[in-house]
Amino acid sequence: MTITANSQLSNVFSQNLESITSKTDGLLPTLGAELVYTQDGAGRYLTFCWQYSELLGLSTEKIVDDLNQTQTFVPVDKVTYLERLHRILTNLVPERFQCWFSYQKELFELDLVISPIMPSLGTTATTVLVMGRLVQATLNKKQARVASKTPTQIELALRSQQHQKLVNRITRNIRRTLDLDIIWQQTVDSLGKALRLERCIICPYQPSSSKVQVKAEYRQPELKSMLGSDIDIASEPAFAQALATLEPVMMEVAGYKESGRQKTLVVATCYQDQANGLVALNWQDECYTLTESELELAKEAADQLGTAIAHATLYEELEIARQKAEEASRLKSEFLANVSHEIRTPLNGMIGFLKLILEGMADDPEEQNQFLAEAHHLSIHLLNIINDILDIAKIEAGKMELTYAPVKLDELFSHVEGFMRPQAQMKNLSFRMQMPATSDEIIVQSNYQRLLQVMLNLVNNAIKFTHEGGVTVSADLVLKKANFQDQQFPGMVRVRVADTGIGVSLDKQDKLFQLFSQVDGSRTRQYGGTGLGLVISQKLVEAMGGEVHFYSLGEGLGSTVTFTVPLYQQPVMVSSNDSDLTSSAEC
């Protein structure tokens, strides 16, 4: 398009130089530049088209005559400009450069490309075509007696363009990545450099928090960094107002320089009318005042950033959820493999013993009874595994229904001791059960069968993972009122199962109460089991109004598991000091 326009202009000039203005005015806007004009060798305007003409008060109809007569829109260094003009006409080589022009009390830095209009064959080039754009506009202090901070119309138009480009650049950067750290840093860098700020910070915001942390920062080298510091929202009124109104807030603060004060603009980033961050811009007071349109641009940039924060946060949450789903799938696969092994082992044993009996391999009735006893023992073990699986399935489906009634703690302890003491004795372990010293029975509100199941699970684990020393089961009273199922109870009974076994390292203890997870989930693990015992116990205790906790100082240092259940009625405590007895019972 430029080559065609130049050719047309050359023909026009060669035909009639005096009528050039009327014949080329219509061509200039079609060249696609912000500023287009033609001049002769003396710098006299022949045609002139600029999108800011009306803002300067230049009449479109008489613009060329006005400029030539008043000599108001001229290069600041006119001599150098004319020398360049003559060089271009002589060498017929276009040049690009930046040049300051003055008009009334304003200065304009222009980025120009000056090209010679090629003459007809045998003639000399006498005119140039100039195309360019406005880089910046400032007050001409040499011509103005009083410096005004009020921006001119052309300054506003130029700044509007620059800020819109800035918003577009920030938006492009945001769309290139979902990494919040990169988005935040690119945004503060873009704002800080484009607006020549003293400082620009971004702080993500959570409605549940009273503080925000500086996650990204642009600052001048002489300023102390705020990166990573916490800001109390209540101590910063502008922050609180921006979050409450979702509108830009301007405030003036004491500056760090002797020159005076600083201005700060605080804008809340938001998504779907919910604030999720804060952007604070800091600059010296001598800088220009922001206009309403620029505040709208700031809000638009904050909205873009707020959307990016929301999308990036959602992506992170989805990624975490995906990783958890993959981990859950892995654990389930590992669990199914282990459970299959746990079921197959006793089943193979049962089949083997029964086959020996059916094939008459027993030497005598006593040995046959021994085979039957082993098969029965294995069948009970298999039944327990299946019951665990069914229990966890009911719990996960929310179909575990429990009936509650008063349960005597001494009866419960007696049954547990009857089941578990023989196992402890087979491993040469000490086994102790201790009840609180009271003059009457301790009664809890619970489900007897499920409470027995919990205790058997915990004591069986303690014995299984203990090779020397022993296991101690004890109970104590927590005389603090508790509520369960819309009923108030005088306290809780805390049951403690402590062992001197292998313990659990601190970094693996979080796996103990995870469904389908075992501390050692490998197929070659030393200890068998489905890994459901603690999970089922925890779910059952919570359903009965209590809590389960696990304690271990590390591998080889033993373990302690405690659980609580509601105390049905407060018993009378026995103490060597009667006065202490009374006060303890009334706590």
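Residues numbered from 1 in each chain as written. Predicted model: local features only at pLDDT ≥ 70, side-chain atom pairs only at ≥ 80, totals over all residues. Heavy atoms only, no water.

1. Describing the pairing of strand 7 (residues 199-204)
And then number 1: Counted residue by residue, strand 7 has five buried out of six residues, so it is predominantly covered.
And then number 2: Of the pairings in the sheet, the one linking strand 7 to strand 9 (residues 216-219) comprises four bridges and is antiparallel in character. Across the sheet, the residue bridging to Ile201 is Glu217, located in strand 9.
And then number 3: As judged from the six bridges shared by strand 7 and strand 13 (residues 274-284), these two strands associate in the antiparallel manner. (Buried < 20%, exposed > 50% of the residue type's maximum accessible area, 1.4 Å probe, protein only. Helix = DSSP H or I, 4+ residues; strand = E, 2+ residues; numbered from the N terminus. Pairing = 2+ DSSP bridges.)

2. Observations regarding the confidence of the model for the chain
And then number 1: Averaged over all residues, the pLDDT of the chain equals 79, while 78% of them reach at least 70.
And then number 2: A low-confidence stretch, residues 1-7 (pLDDT under 50), is modelled with six contacts involving residues beyond four sequence positions or located in other chains.
And then number 3: Ignoring residues within four places in sequence, the model shows residues 578-587, a span with pLDDT below 50, making 10 contacts including any to other chains. (pLDDT = per-residue confidence, 0-100. Contact = heavy atoms within 4.5 Å.)

3. Section: the packing of aromatic side chains
And then number 1: Inspection of the entire model under this criterion finds 13 aromatic pairs.
And then number 2: Each ring, one from Phe73 and one from Tyr103, has its centre 6.5 Å from the other, and the planes form 55°; the classification is tilted. Linking Phe73 in the loop between helix 3 (63-70) and strand 3 (74-75) with Tyr103 in strand 4 (residues 95-103), this pair joins segments that are 30 residues apart in sequence.
And then number 3: A relative accessible area of 1% places Phe73 in the buried class. (Phe/Tyr/Trp six-rings, centres within 6.5 Å; stacked < 30°, edge-to-face > 60°.)

4. A closer look at the nonpolar core
And then number 1: Grouped together as the largest cluster of nonpolar side chains are 47 residues, with contacts concentrated most on Phe431, Val473, Val493 and Phe563.
And then number 2: Among the elements that make up this core, the one with the highest residue count is helix 11 (residues 448-464) (eight residues).
And then number 3: Those residues in contact with Phe563, other than ones at most four positions away along the chain, are Leu451, Val454, Met455, Leu458, Val493, Arg494, Val495, Val541, Glu547 and Val548.
And then number 4: Val64, Leu67, Phe101 and Ile114 belong to the second largest nonpolar core, which has 29 residues in total. (Core = buried A, V, L, I, M, F, W, Y, C linked by side-chain atoms within 4.5 Å.)

5. Some points on helix 11
And then number 1: A rise of 1.5 Å per residue sets the reference length of helix 11, with its 17 residues, at 24 Å; its end C-alpha atoms lie 24 Å apart and thus fit the reference within 8%.
And then number 2: Within helix 11, burial applies to Arg450, Leu451, Leu452, Gln453, Val454, Met455, Asn457, Leu458, Val459, Ala462 and Ile463.
And then number 3: Residue Asn447 occupies the N-cap position of helix 11, its side-chain oxygen lying 3.3 Å from the main-chain nitrogen of Gln449. (Expected span 1.5 Å × (residues − 1). Polar contact = N/O pair within 3.5 Å; in protein donor to acceptor, adjacent residues only side chain to side chain.)

6. Some remarks on the pattern of salt bridges
And then number 1: One pass over the full model with this rule turns up 13 salt bridges.
And then number 2: Close ionic contact of Asp111 with Arg96 constitutes a salt bridge, the shortest N to O distance being 2.6 Å. With Asp111 in strand 5 (residues 106-116) and Arg96 in strand 4, this pair connects stretches of sequence that are 15 residues apart.
And then number 3: Glu217 is paired through a salt bridge with Arg199; the nearest N and O atoms lie 2.5 Å apart. Of this pair, Glu217 sits in strand 9 while Arg199 sits in strand 7; the two residues are 18 residues apart in sequence, bridging distant segments of the chain. Like Glu217, the residue Arg199 is buried in the burial classification.
And then number 4: Beyond isolated ion pairs, a larger network of salt bridges with shared partners links Arg84, Arg87 and Glu95. (Salt bridge = Lys/Arg side-chain N within 4 Å of Asp/Glu carboxyl O.)

7. Describing the environment of Val561
And then number 1: Within the secondary structure, Val561 sits in strand 22 (residues 559-569).
And then number 2: Accessibility expressed as a relative area gives 9% for Val561, which makes it buried.
And then number 3: Residues Val561 and Tyr551, 10 residues apart in the sequence, show an inter-C-alpha distance of 6.3 Å.
And then number 4: Non-local contacts of Val561, meaning those with residues more than four positions away in its chain, are made with Leu458, Val495, Arg496, Val497, Val548, His549 and Phe550.

8. Brief notes about helix 9 (residues 365-397)
And then number 1: Along its 33 residues, helix 9 runs 47 Å from first to last C-alpha, staying within 8% of the 48 Å computed at 1.5 Å per residue.
And then number 2: Of all the positions in helix 9, only Phe371, Ala375, Leu378, Leu382, Ile385, Asp388, Asp391, Ile392 and Ile395 are classed as buried.
And then number 3: Between the side-chain oxygen of the N-cap and the backbone nitrogen of Glu366 there are 3.1 Å, and the N-cap of helix 9 in question is Asp364.
And then number 4: In the stretch just after helix 9, Gly398 is the one whose phi turns positive, near 70°.

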